[in-house]
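Results of the structural survey
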Amino acid sequence: MPRVYIKTYGCQMNERDSEAVAAQLVAKGYEITPTEANADVILLNTCSVRDMAEQKAINKMENLAGQTRKKRDVVLGFMGCMAQSRGQQLLDQLPDVDLVLGTQKFHRAAEYIDQLLAGKRDKIVDTAAEAGSEGTIKEHLLLGSAERKSVSAFVSIMQGCNQYCTFCIVPYTRGEERSRTIADIVAECRKLVEGGVREITLLGQIVTSFGKREIPAVDGKSAFVQLLEAVHAIDGLHRIRFTSPHPKGYGDDLVEAYGRLPKLCQSAHIPLQSGSDRVLKLMHRGYTRERFVGIINKLRKVKPDIGLTTDIIVGFPGETEDDFEQTLSLCREVQFDNAYLFKYSQRRDTPAAAMPDQLAEELKEERHARILELINDIGAGRYREHVGQQMQILAEGPSRNNPSTMMGRTRCNKIVIFDGSPRHQAQLLDVKITRASLFTLHGDPAILE
Ligand code: SAH
Ligand code: F3S
């Protein structure tokens, strides 16, 4: 039984794609191994969003090629976004690589690996587009084995993005927006719930654009809200989340859904990128600062305790001190619970890479440090506010850092560590928050009166 090791870089979509590939391989008789040391096949599922992520995967592959060449025959493969955007070039650069599999070809992994292991083919590069590939990421590992039972699962609802933000490589690596059908997604969710899953996160590069072209609005409800309703109707499912939305997708129908659908958790990760209208326009984001703040206010009106996180890029070409100050002031105004902060990274063939006034690395570093301090400061305060409150958590399992404690998440998507035991797993518990550390809460289920 050949052993496969898969290493994943990047976002939750990549994690999900890797899991689907692993499940497909297991179904064909392969074994998934947690270490590369004894693997017969090593796959790196790559990310292209920033240069650093690409360099990490390339360095890793260089090391692997060196090690395995000395030892034995191992199939080495790149999958995902960097495989898609670099294709054959990866083989030219790293001749020991056997397989380069693009973002519309994950479901072909098992078939290609069979051929490579059997010696039927020497090298395979497949980065072609494939109609219907958006519906091929549906297998889950947790349904196969008892010890991997998960409380929370990710479901991929669409592929690609048509927004073409000027800094972003995703539309080129993931292709045009393509959505699955609601029936197909609901069937997958139902199976997961039957397997013990209690929380589902719907995934896509721009989930709020789900089904935009294929599924007409009904009673003013977008296709995405119709999907939320259909998933909401599944018995036994406790919680629904989604990521990532685009601010332009927060119409009144979605805002109102938070009030109407009790399983839809009051949390949202809404990428901001910049607080300056001038920069937002250069980024081709399609909203203004005022519109963004308006959405946040509407959401807080429906759900005052909503958890809000965001993505921010510092050092976009031409970003002035004044532009940056506007991002800081928006963060102070909105009070995010947390934010992912990125230094702008030039991506090949994206419009922003050719814009004038690319900023020096030191200036990006400096702005990154300043905004990090602000976000940490605001976040610490937001987390502290929960101390003394009673909050509902869904217990997921042992905490990663300290497996003698348990972890769960609040509805507003904050991690809570508590003294519990595996019997709590998959349960909704009310806990009293006793303490807050940076981006983690500590709770006690026992001290509720
Ligand atoms: N909508 C996608 C966004 C993909 S990229 C999703 O679902 O995750 C994730 C984040 O990386 C973006 O929101 C942006 O903040 C950041 N990012 C994208 N391109 C970048 C670049 N060229 N440089 C720095 N950060 C970037
Ligand atoms: Fe990228 Fe903008 Fe789409 S950040 S994924 S092009 S919404």
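What you see is a predicted model; the values in this text were computed from it and never measured.

1. Describing the site of ligand 2
The immediate surroundings of ligand 2 are formed by Cys161, Gln163, Tyr164, Cys165, Phe167, Cys168, Val170, Pro171, Ile206, His246 and Arg285. Looking at the shell around ligand 2, its residues break down into 8 nonpolar, 2 polar and 1 charged.

2. As for the pattern of salt bridges
All chains considered together, the criterion is met by 36 salt bridges. Put simply, Glu199 and Arg239 hold a salt bridge, and the shortest N to O gap is 3.7 Å. Pair noted here: Glu199 is in strand S10 (residues 199-203) and Arg239 is in strand S11 (residues 239-243), with a separation of 40 residues, a long-range link. Like Arg239, Glu199 is buried. Ionic contacts of the salt-bridge type, sharing partners, join the residues Arg16, Glu19, Lys138, Arg180, Asp184 and Glu188 into one network.

3. Notes on the site of ligand 1
Among the 15 residues in the neighbourhood of ligand 1, the closest are listed as Gln205, Ser244, Gln273, Asp311 and Ser345. Between Arg50 and ligand 1, the recorded distance is 3.2 Å, taken from a side-chain N or O atom to an oxygen atom. Relative to its unbound accessible surface of 550 Å², ligand 1 loses 88% to contact with the protein. Mapped onto the shell around ligand 1, the elements with two or more residues apiece are strand S13 (307-314) and strand S14 (338-343).

4. Re the nonpolar core
Formed by 73 residues in total, the largest nonpolar core has its most connected members in Ile157 and Phe242. Once residues within four sequence positions are removed from consideration, Ile157 is found in contact with Ser179, Arg180, Ile185, Leu202, Leu203, Val207, Phe210, Phe224 and Leu227.

5. A word on helix H5 (residues 109-117)
Within H5, the full set of buried residues consists of Ala109, Ala110, Tyr112, Ile113, Gln115 and Leu116. Check the buried side of H5 and you find it contacts helix H1 (12-27), strand S3 (41-46), strand S4 (75-79), strand S5 (99-101) and strand S6 (124-126). Just past H5, the residue Gly119 takes up positive phi, approximately 75°.

6. Quick notes on the environment of Ala131
By the secondary structure assignment, Ala131 is in the loop between S6 and strand S7 (152-156). Through-space distance from the C-alpha of Ala131 to that of Gln104 is 8.6 Å; in sequence the pair is 27 residues apart.

7. Remarks on the sheet that holds S14
Taken in spatial order, the 3 strands of this open sheet run S12-S13-S14, and their pairing is parallel. Taken across any chain shown, the strands that pair with only one partner, and hence form the sheet edges, are strand S12 (267-269) and S14. Across this sheet, the average inter-strand angle for adjacent strands is 10°, counted without regard to direction. In the sheet, S13 pairs with S14 via 6 bridges, with the strands oriented parallel.

8. A few points about the packing of helix H12 (residues 321-334) against helix H13 (residues 361-384)
H13 packs onto H12 with a crossing angle of 10° between their chain directions and a minimal axis gap of 10 Å. Considering the angle they form, H12 stands roughly parallel to H13. Taken together, the residues of H13 that come into contact with H12 (itself represented by Glu321, Phe324, Glu325, Thr327, Leu328, Cys331 and Arg332) are Arg367, Arg370, Ile371, Leu374, Ile375 and Ile378. Split by residue class, the contact of H12 with H13 holds 7 nonpolar, 1 polar and 5 charged.

9. Observations regarding the pairing of strand S16 (residues 406-410)
Working note: regular strand, side chains alternate between the two faces of the sheet. Where burial is concerned, most of S16 is hidden: 4 out of the 5 residues are buried. Judged from the 5 bridges that link them, strand S15 (residues 390-398) and S16 form a sheet pairing that is antiparallel. Its bridge partner being in S16, Ile393 is matched across the sheet by Thr410. Of the pairings in the sheet, the one linking S16 to strand S17 (residues 415-418) comprises 4 bridges and is antiparallel in character. The partner of Met407 across the bridge, within S17, is Ile417. Turn length for the S16-S17 hairpin, with the two strands adjacent in sequence and antiparallel, is 4 residues, and the turn residue Asn413 shows positive phi of about 70°.

10. Topic: the environment of Val193
Mapped onto the elements, Val193 comes out in helix H7 (residues 182-194). Considered as a pair, Val193 and His238 are 45 residues apart in the sequence and their alpha carbons are 9.4 Å apart. Other than its neighbours up to four places away in sequence, Val193 contacts Arg198, Ile200, Ile234, Asp235, Gly236 and Leu237.

11. Quick notes on the sheet that holds S4
Reading across from one edge, S2-S1-S3-S4-S5-S6 is the order of the 6 strands in this open sheet, with parallel pairing throughout. Taken across any chain shown, the strands that pair with only one partner, and hence form the sheet edges, are strand S2 (31-32) and S6. Here S3 runs beside S4; their pairing, made up of 5 bridges, is parallel. Paired with Asn45 across the bridge in S4 is Met79. H1 contacts strand S1 (3-8), S2, S3 and S4 of the sheet and is inclined by roughly 175° relative to S1. Packing against the sheet, H5 makes contact with S3, S4, S5 and S6, and its axis sits at approximately 170° to S5.

12. Here's the deal with empty space enclosed by the protein
Evaluated as defined, the whole model comprises 1 cavity of 30 Å³ or more. In terms of lining residues, the largest cavity is bounded by Thr103, Gln104, Lys105, Phe106, His107, Ser133, Glu134, Thr136, Ile137 and Gln159. Each residue belonging to the lining of the largest cavity can be placed in one class, and the counts come to 2 nonpolar, 6 polar and 2 charged.

Criteria and cut-off values
- Residues numbered from 1 in each chain as written.
- Chains lettered and ligands numbered in written order.
- Predicted model: local features only at pLDDT ≥ 70, side-chain atom pairs only at ≥ 80, totals over all residues.
- Heavy atoms only, no water.
- Near = heavy atom within 4 Å.
- Nonpolar A, V, L, I, M, F, W, Y, C, P; charged D, E, K, R; others polar.
- Salt bridge = Lys/Arg side-chain N within 4 Å of Asp/Glu carboxyl O.
- Helix = DSSP H or I, 4+ residues; strand = E, 2+ residues; numbered from the N terminus.
- Buried < 20%, exposed > 50% of the residue type's maximum accessible area, 1.4 Å probe, protein only.
- Polar contact = N/O pair within 3.5 Å; in protein donor to acceptor, adjacent residues only side chain to side chain.
- Areas by Shrake-Rupley, 256 points an atom, 1.4 Å probe, with all protein chains shown as cover.
- Core = buried A, V, L, I, M, F, W, Y, C linked by side-chain atoms within 4.5 Å.
- Contact = heavy atoms within 4.5 Å.
- Pairing = 2+ DSSP bridges.
- Axes fitted to C-alpha atoms, helices over the stretch in contact; angles between N-to-C directions.
- Parallel < 35°, antiparallel > 145°, perpendicular 65-115°, else oblique.
- 1 Å grid on protein atoms, 1.4 Å probe; cavity = no way out; pocket = protein on both sides within 12 Å on 5 of 7 lines; lining within 4 Å.
- Points joined across faces, edges and corners; volume = space filled by probe spheres on them.

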